[in-house]
Amino acid sequence: MSRRAYRTLPTGGRTFHPRLMGTRGAVAANSNPSVNAGADVLKAGGNAIDAAVAASFVEGLVNPQMHTIGGECPMLVRLAGESRVIAVNGNMAAPARATPEAFRARGLADIPDSGILAAGVPAAFGALVTALRRWGTLPFAEVIAPAIELARNGFPVSEGLRNQHKYGIAPMQKRFESEWPGSAKLYLPVPAVAALFRNPALARTFEYLAADKDPLKAFYEGDIAVEIAKFSKARDGLLAREDLATFKTKIEEPASLRFGDTELFKTGFWSQGPAELQTLALMWQFDLKSIGFGTPDYCHLLVEAMKLAYADREQYYGDPAMARVPGEALLSADYTKKRAALIDMQRASLELRPGDAWKNSALLPERDRLAPKDWGPGTVHVDAVDAKGNMASFTPSGAWISSAEVIEALGFPLSVRMMTFYLEPAQHPNVVAPGKRPRTTLTPSMAFRNGKPWMAFGTMGGDNQGQWLLQFYLCRAAYGMSIPEAIEAPRLSSEHTPGFFAPHASEPNRVRIEPRFGGEVLDELRRRGHDLDVAPDWTEGFVSCAAFNADTGLIEAGCDPRGSKAECFPAFALAW
C-alpha cells in the first residue's frame with residue numbers, strides 16, 4: 001500500500017459535490033452567472049426573493065435553450081417569521097381567440113409544439129416583478145442590473161447553450177437558417193464554447209423596463225406589448241395586444257401534505273405538483289424503511305405509485321378557475337388508501353388507471369376515462385435562502401429558442417406552452433379556452449420539517465420534473481440522506497402516462513432508469529414486467545436545493561452534477 005496516498009479507503013460511496021454550508025445565505029441554480037447574481041444581490045442587502053428574481057433574469061439570458069423572459073415562472077415563497085408558504089401562479093394565459101375551433105379551422109388536430117400558434121401571454125416577467133414588489137426589498141432596476149450588464153457586455157457560452165441535445169444553438173442551426181431569421185441574426189454563426197456572447201436587443205429591452213416607474217405596465221401595455229402583438233399578427237398568431245393588457249399574476253394557496261415529520265408544498269392543480277403529493281401519499285402506505293432505498297421493491301413501488309397518481313393527473317388536473325378539479329378528494333387519506341390497494345408488488349400494471357375521485361372510488365369506469373386517443377400498449381430552477389429565513393423556489397421555463405423565433409427587436413422568443421392544451425374531448429379539464437391557463441409541468445417545491453422551514457428545491461425536465469423531485473424528497477424525508485447524497489442518488493422515470501406536450505404521447509409500462517441501481521435490480525424489475533430503457537448514467541435528474549435550519553441558523557445549498565455531465569447546463573450553488 002502506498003505510503004504517500006492521501007486516501008486508501010474506497011470512494012465509490014462518496015458524493016461528487018460537498019455539503020455547501022454557511023449562515024448568511026445560499027443560492028442554487030443552473031449557471032454560475034445566475035448564482036453569482038443572486039449572491040451579489042444578497043450581499044448588497046437584498047433578501048432571498050430579491051436574489052431569486054435577479055438569478056432568474058440572468059438564467060433567461062445565459063440558458064435560453066432552457067428559458068427566456070417570454071416564458072413562465074411558477075414560484076413558492078416563505079417569508080421570515082411565518083409558518084405559511086405562498087404560491088405564485090406564474091403560468092401563461094391563452095389568448096382570447098384561442099379556441100378548439102380556431103385550431104381546427106387551420107387544419108390542426110393538436111396545438112403545434114412550436115411556433116406562433118402555440119404562443120400565449122408571457123407570464124415570467126409578471127411573476128418576477130410581482131414577487132419583487134410584494135416581498136423583495138430592492139428596487140427593480142438594481143435587481144435586473146446583473147442581467148443587463150451580461151446582456152450588454154457578454155457572457156461565456158456554455159456547453160449546454162451550444163450543444164444541448166435537441167435544444168442548443170448547434171442542433172437548431174438549420175431551423176434558424178431556414179425558418180426563423182430573428183433567431184438566426186442573434187445566434188448564428190454558431191458560437192464556440194467559451195466564446196463571449198452578447199444580446200444587445202435584450203439589454204435594450206431590460207434597460208427600457210428598468211427606466212420605467214411601472215415596469216409591469218411597460219411590459220404588458222407599453223412598447224414591449226406593441227412589439228409582441230405586431231410580431232404575432234405578422235405571423236398569423238392568436239396573441240393580441242389586448243391579451244397582454246388584461247393579464248394578471250395570481251397569488252394563491254399552495255397544495256400540501258404531511259409525510260412523517262415533514263410537510264411538502266406544491267403549486268396548485270394547474271401544475272403537476274399535486275401528483276407528487278399523491279405519489280408520496282401512496283408510497284407512505286408501505287413500510288419504506290424496511291423496503292430500503294434503491295431495492296427492487298423500492299423501484300417497483302415508486303413506478304406503480306406514479307402510474308396511479310399521474311393517471312389522476314391526466315384525468316382531473318387543469319386550471320381550477322375554468323375547470324372542476326376534485327383536489328380535496330385526490331389528496332384525501334381515504335381515497336389514497338383505496339388507490340394504494342391497487343398496487344401489486346409482484347407485477348407491473350399495464351393499464352392507465354385513474355380513480356373516481358368524485359365518488360371516492362379506487363377505479364374510474366373505463367368509459368369515463370379521458371386518455372388521449374394515441375394512448376396504447378427545458379426548464380431551469382432557482383433556489384435562494386437568506387439569514388432571516390426567507391426562502392424562494394422559482395421554476396423559470398418556456399420561450400425556449402428551440403421552439404419559437406426570437407423577436408428581433410426584443411431579444412427573446414415567446415412561450416409555446418399552449419401546446420400542453422387539448423382540443424378534445426370537450427369535457428377534458430385541459431381543453432383550450434380563451435384566457436385559460438394551460439396545465440403545466442412546472443413544479444417548484446418547498447418543505448417544512450417539524451413545522452419549521454426546511455428546504456426549497458426544484459428541477460427542469462418536463463413531465464419528469466415531479467418524478468425526479470419526489471425521489472429527491474424521499475431520499476431526504478424517508479431515508480435521511482444529506483442534500484448531495486439525495487441529489488446524486490440514482491433515479492428513474494416512468495413514461496407510462498400521456499405526456500403534457502403535444503402530441504401527448506406515452507410509452508405504456510416504459511421505465512427509464514440509471515444503471516447505477518445495479519444489474520440485479522434491473523433484472524428483477526424486468527421479471528416483474530417493467531419495460532426498461534436503461535439511460536446513460538447521470539441523465540435522470542438536475543435537482544437543486546437550498547435549505548434553512550431555523551434552530552441553528554445553518555444554511556445549505558446543493559446542485560446536480562448531472563447538469564454538466566448531461567451537457568444541459570453548468571449547475572452551480574453557493575452558501576456562505
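This is a predicted model, so every value here is computed, not measured.

Chemist: Quick question: what am I supposed to make of the overall build of the protein here?
Modeler: What the protein contains, in helices and strands, is 21 helices and 19 strands. Projected onto its principal axes, the C-alpha coordinates of the protein cover approximately 70 × 60 × 45 Å. Residues counted as buried form 63% of the 576 residues belonging to the protein. Here the protein has roughly 21,100 Å² of accessible surface; of this, 51% comes from carbon and sulfur atoms. Within the protein, the 63 negative side-chain charges are centred at a point lying 2 Å from the centre of the 62 positive side-chain charges.

Chemist: Can you walk me through the packing of aromatic side chains in this structure?
Modeler: In this description, a pair of aromatic rings is defined by centroid distance and the angle of the planes. Summed over the entire model, instances satisfying the criterion amount to 26 aromatic pairs. Positioned above the aromatic ring of Tyr-422, the side-chain terminus of Arg-439 is 5.7 Å from the ring centre. Across from the ring centre of Trp-538, 3.7 Å away, lies the NZ or CZ of Arg-516, which sits over that ring.

Chemist: I'm lost on the environment of Gly-115 in this one. Help?
Modeler: Within the secondary structure, Gly-115 sits in the loop between helix H3 (100-104) and helix H4 (124-135). By relative accessible area, which is 18% here, Gly-115 ends up buried. Beyond its immediate chain neighbours, meaning those up to four positions away, Gly-115 contacts Ser-403 and Val-416.

Chemist: How should the sheet that holds strand E16 (residues 531-534) be read in this particular structure?
Modeler: The strands making up a sheet are joined through hydrogen bonds of the backbone, oriented either antiparallel or parallel. Sheet architecture is open: 3 strands sit in the order E14-E15-E16, paired in mixed fashion. Looking at strand neighbours, the two that pair on one side only are strand E14 (492-494) and E16, the edges of this open sheet. Here the strands of the sheet are splayed against their neighbours by 25° on average, with no regard to which way each runs. Along the sheet, helix H15 (residues 296-316) contacts E14 and strand E15 (510-513); its crossing angle with E14, the most-contacted strand, is approximately 35°. With respect to the sheet, helix H20 (residues 519-527) is in contact with E15 and E16, its orientation differing from that of E16 by roughly 150°.

Chemist: Please clarify how the packing of H15 against helix H18 (residues 465-477) should be interpreted in this entry.
Modeler: Think of two packed helices as two axes; the pair is described by the angle between the axes and how far apart they sit. Interhelical geometry of H15 versus H18 gives an angle of 135° and a closest axis separation of 12 Å. By the angle between their axes, H15 is oblique relative to H18. The interaxial crossing formed by H15 with H18 has right-handed handedness. Here H15 contributes Tyr-298, Leu-302, Met-306 and Tyr-310 to the contact with H18, which in turn contributes Gly-466, Gln-467, Leu-470, Gln-471 and Leu-474. Along the lines of polarity and charge, the residues of the contact of H15 with H18 split into 6 nonpolar, 3 polar and no charged.

Chemist: Can you walk me through the side chain of Lys-307 in this structure?
Modeler: Inspection of the secondary structure assignment puts Lys-307 in helix H15. A relative accessible area of 4% places Lys-307 in the buried class. There is a polar contact of 2.7 Å between the side chain of Lys-307 and the side chain of Asn-509. Not counting residues up to four positions away in its chain, the partners in contact with Lys-307 are Ala-348, Ser-349, Ser-494, His-496, Thr-497, Asn-509 and His-530.

Chemist: I keep staring at the sheet that holds strand E10 (residues 382-386) and nothing clicks. Help me out?
Modeler: What the 7 strands build is an open sheet, ordered E7-E4-E3-E11-E10-E2-E19; its pairing is antiparallel. Of all the strands in the sheet, the pair left with one neighbour each is strand E7 (250-252) and strand E19 (572-575). Direction aside, the axes of adjacent strands within the sheet are offset by 10° on average. Of the pairings in the sheet, the one linking strand E2 (residues 25-29) to E19 comprises 4 bridges and is antiparallel in character. Following the sheet pairing, Val-27 is matched in E19 by Leu-574. Contacts from helix H2 (residues 48-62) reach E2, strand E3 (75-78), E10 and strand E11 (391-394) within the one sheet, and its direction differs from that of E10 by about 155°.

Chemist: Honestly, the environment of Met-419 in this entry has me stumped. Any pointers?
Modeler: One can find Met-419 in the loop between E11 and strand E12 (445-449). As a C-alpha pair, Met-419 and Val-406 span 13 residues in sequence and 18 Å in three-dimensional space.

Chemist: Can you walk me through the side chain of His-381 in this structure?
Modeler: Its location among the elements puts His-381 in the loop between helix H17 (333-340) and E10. Looking at His-381, the relative accessible area reads 1%, which means it is buried. A polar contact of 2.6 Å, which involves the side chain of His-381, links it to the side chain of Asp-383. A polar contact is formed between the side chain of His-381 and the backbone oxygen of Phe-394, at a distance of 2.8 Å. Here His-381 is in contact with Ala-28, Ala-29, Asn-30, Ser-393, Phe-394, Thr-395, Pro-396, Pro-444, Phe-457, Gly-458, Thr-459 and Ser-544, once residues within four sequence places are set aside.

Chemist: Looking at this model, I keep getting lost on the pattern of salt bridges. Mind explaining?
Modeler: Pairing between side chains of opposite charge can happen when their charged atoms approach one another. Tallied over the entire structure, the rule returns 33 salt bridges. Note that Glu-101 is salt-bridged to Arg-104, the shortest N-O span being 3.9 Å. Here the residue Glu-101 and the residue Arg-104 both occupy positions in helix H3, the gap between them amounting to 3 residues, near one helical turn. Between Arg-106 and Asp-236 there is a salt bridge, with the nearest N and O atoms lying 3.3 Å from each other. With a gap of 130 residues between them, Arg-106 in the loop between H3 and H4 and Asp-236 in the loop between helix H11 (223-234) and helix H12 (241-245) connect regions that are remote in the sequence. Connected via shared salt-bridge partners are Arg-491, Glu-514, Arg-516, Asp-537, Asp-560 and Arg-562.

What counts and how
- For every chain, the first residue of its written sequence is number 1, and the numbers climb from 1 along that sequence.
- The predicted nature of this model means local features are confined to residues of pLDDT at least 70 and side-chain atom pairs, given and counted, to a pLDDT of 80 or more, with totals for whole chains, interfaces and linings taken over all residues.
- Remark: hydrogens and water are excluded; side-chain values derive from all non-hydrogen atoms of the structure.
- Numbering of helices and strands runs from the N terminus; a helix is a DSSP stretch of H or I covering at least four residues, while a strand is a stretch of E covering at least two.
- Each residue's exposure class comes from its accessible area (1.4 Å probe, protein chains only) as a fraction of the maximum for that residue type: buried when under 20%, exposed when over 50%, partly exposed otherwise.
- All accessible-area figures derive from a Shrake-Rupley calculation using a 1.4 Å probe, and residue coverage is judged against the displayed protein chains alone.
- In this tally, Lys and Arg are treated as positive and Asp and Glu as negative; His is ignored, and so are the chain termini.
- For charged residues, the charge sits on one atom: NZ in Lys, CZ in Arg, CG in Asp, CD in Glu.
- In summary, the pairing rule links any two rings of Phe, Tyr or Trp, Trp by its six-membered ring, whose centres are within 6.5 Å, and it sorts them by plane angle into stacked for under 30 degrees, edge-to-face for over 60 and tilted for everything else.
- Two conditions define a charge sitting above a ring: the NZ of Lys or the CZ of Arg must be within 6 Å of the ring centre, and it must be within 35 degrees of the ring normal.
- Residue contacts are defined here by distance: any two heavy atoms, one from each residue, within 4.5 Å place the two residues in contact.
- Here, a strand pair is defined by DSSP locating no fewer than two bridges between the strands.
- Angular values range over 0 to 180 degrees, each being the angle between N-to-C directions of two axes fitted as lines to C-alpha atoms, with helices fitted over their stretch in contact.
- Oblique is the label for every angle not falling under 35 degrees (roughly parallel), over 145 degrees (roughly antiparallel), or within 65 to 115 degrees (roughly perpendicular).
- Should the near helix be turned counterclockwise from the far one by less than a right angle, the crossing is left-handed, whereas a clockwise turn marks it as right-handed.
- Gly falls in the polar group here, along with every residue not listed as nonpolar (Ala, Val, Leu, Ile, Met, Phe, Trp, Tyr, Cys, Pro) or charged (Asp, Glu, Lys, Arg).
- Here a polar contact means two N or O atoms within 3.5 Å. Within protein one must be a hydrogen donor candidate and the other an acceptor candidate, and residues neighboring in sequence count only if both atoms are side-chain atoms.
- Only one rule defines a salt bridge in this text: a Lys or Arg side-chain nitrogen within 4 Å of an Asp or Glu carboxyl oxygen.

Treat this as a map of the structure, not an account of what it does.
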